[in-house]
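These are the residues of each chain, in order.
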Amino acid sequence: MIRPILIHPDPRLKKVCESVAEISADVRKLAEDMLQTMYDAPGVGLAAPQVGVMKRVIVMDCIKQPEAAPRPIVLVNPVVVWSSDDLSTYEEGCLSIPEQYADVQRPERVRVQWTDLDGAEQQEEFAGLWATCVQHEIDHLNGKLFIDYLGPLKRQMITRKMQKLKRDRARGDD
Ligand code: NI
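Bear in mind that the values here come from a model prediction, so they are computed numbers and not experimental data.

Colleague: Please provide a residue-by-residue account of the coordination of the nickel ion, values included.
Modeller: Ideal donor angles around a metal are set by the shape: a four-donor tetrahedron calls for 109.5 degrees, a six-donor octahedron for 90 or 180 degrees. For the nickel ion, every protein donor is listed as Cys-94 (SG), His-136 (NE2) and His-140 (NE2), and the spread of their distances is 2.1 to 2.3 Å. Taken in chain order, the donor set of the nickel ion reads C-x41-H-x3-H. With a gap of four residues between them, His-136 and His-140 both fall in helix H2 (residues 128-141), about one helical turn apart. Assigned by exposure class, His-136 and His-140 land together as buried.

Shown next as structure tokens:
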């Protein structure tokens, strides 16, 4: 089931999400819906608060080549356990901030620990787009958006555009 994606500004995108206590049927259904919603958008990552669920769940698939096999990953309660000193800059976007992009600097590589849908602990080192994406999505679980890394003027300009987009959509000019 494709779920509607919240558009910034929305108070739910500014909150710290709760840890998942157990991998219930609800959590599995949420993850399945989030993957479907992400692929449909299309995007390379999605966090549960973006569909209005205040739980620490993210999904990703940063395989961009259309001929390559997909690699959907569901990360429950993800934690960055190590970050490289080396930084890299990517032009980031966000499904909650459609059609707005800006350069954000983050650690180039991160090691992340999480629980998978079988309840097993997983750990992996991510690099490149995967590293950017996993850090961007974990930020969502802490109420942080990529525009929070920008200067106040740029952030306000993007926020005003999103307010206008939401007004237009509410009026049905979409
Ligand atoms: Ni995002």
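Having put the structure on the table, let's press on.
Colleague: An account of the packing of aromatic side chains is requested, with residue identities and associated values reported.
Modeller: Taken as a whole and assessed by the stated rule, the structure comprises two aromatic pairs. With 6.2 Å between their ring centres and 15° between their planes, Phe-126 and Trp-130 make a pair best called stacked. The two residues Phe-126 and Trp-130 agree in class, both being buried. Ring pairs connect the aromatic residues Trp-114, Phe-126 and Trp-130, which therefore count as one cluster. It is Arg-71 that lies over the ring of Trp-130; its NZ or CZ is 5.3 Å from the centre. Directly above the ring of Tyr-149 sits Lys-144, whose terminal nitrogen or CZ lies 4.3 Å from the centroid.

Colleague: How would you summarise the layout of surface pockets if you had to cite specific residues and measurements?
Modeller: The calculated volume of the largest pocket comes to roughly 760 Å³. Along the wall of the largest pocket there are 31 residues; nearest its centre are Pro-42, Gly-43, Val-44, Gly-93 and Leu-95. The set of elements that each furnish at least two residues to the lining of the largest pocket consists of helix H1 (25-40), strand S4 (87-94), strand S5 (97-107) and H2. The leading source of residues in the lining of the largest pocket is H2, at six residues. Split by residue class, the lining of the largest pocket holds 16 nonpolar, eight polar and seven charged. Here the second largest pocket is characterised by a volume of approximately 150 Å³. Lining the second largest pocket, in full, are Arg-56, Pro-78, Val-79, Val-80, Gln-105, Arg-106, Pro-107, Gln-135, Ile-138, Asp-139, Asn-142 and Tyr-149.

Colleague: Could you give an account of the side chain of Asp-116, with specific residues and numbers?
Modeller: Tracing the sequence through the fold places Asp-116 in the loop between strand S6 (109-115) and strand S7 (121-127). No salt bridge is formed by the buried Asp-116, whose closest oppositely charged neighbour, Arg-28, lies at an N-O distance of 7.9 Å. Within polar-contact distance, the side chain of Asp-116 engages the backbone nitrogen of Asp-118 at 2.8 Å. If we ignore the near neighbours within four places in the chain, the residues touching Asp-116 are Ile-23, Val-74 and Gln-122.

Definitions and cut-offs
- Residues numbered from 1 in each chain as written.
- Predicted model: local features only at pLDDT ≥ 70, side-chain atom pairs only at ≥ 80, totals over all residues.
- Heavy atoms only, no water.
- Donors = N, O, S within 2.8 Å, 3.2 Å for Na, K, Ca; no water.
- Helix = DSSP H or I, 4+ residues; strand = E, 2+ residues; numbered from the N terminus.
- Buried < 20%, exposed > 50% of the residue type's maximum accessible area, 1.4 Å probe, protein only.
- Phe/Tyr/Trp six-rings, centres within 6.5 Å; stacked < 30°, edge-to-face > 60°.
- Lys NZ or Arg CZ within 6 Å of the ring centre and 35° of its normal.
- 1 Å grid on protein atoms, 1.4 Å probe; cavity = no way out; pocket = protein on both sides within 12 Å on 5 of 7 lines; lining within 4 Å.
- Points joined across faces, edges and corners; volume = space filled by probe spheres on them.
- Nonpolar A, V, L, I, M, F, W, Y, C, P; charged D, E, K, R; others polar.
- Lys, Arg positive; Asp, Glu negative; His and termini not counted.
- Salt bridge = Lys/Arg side-chain N within 4 Å of Asp/Glu carboxyl O.
- Polar contact = N/O pair within 3.5 Å; in protein donor to acceptor, adjacent residues only side chain to side chain.
- Contact = heavy atoms within 4.5 Å.

Shape descriptors only; they carry no functional weight alone.
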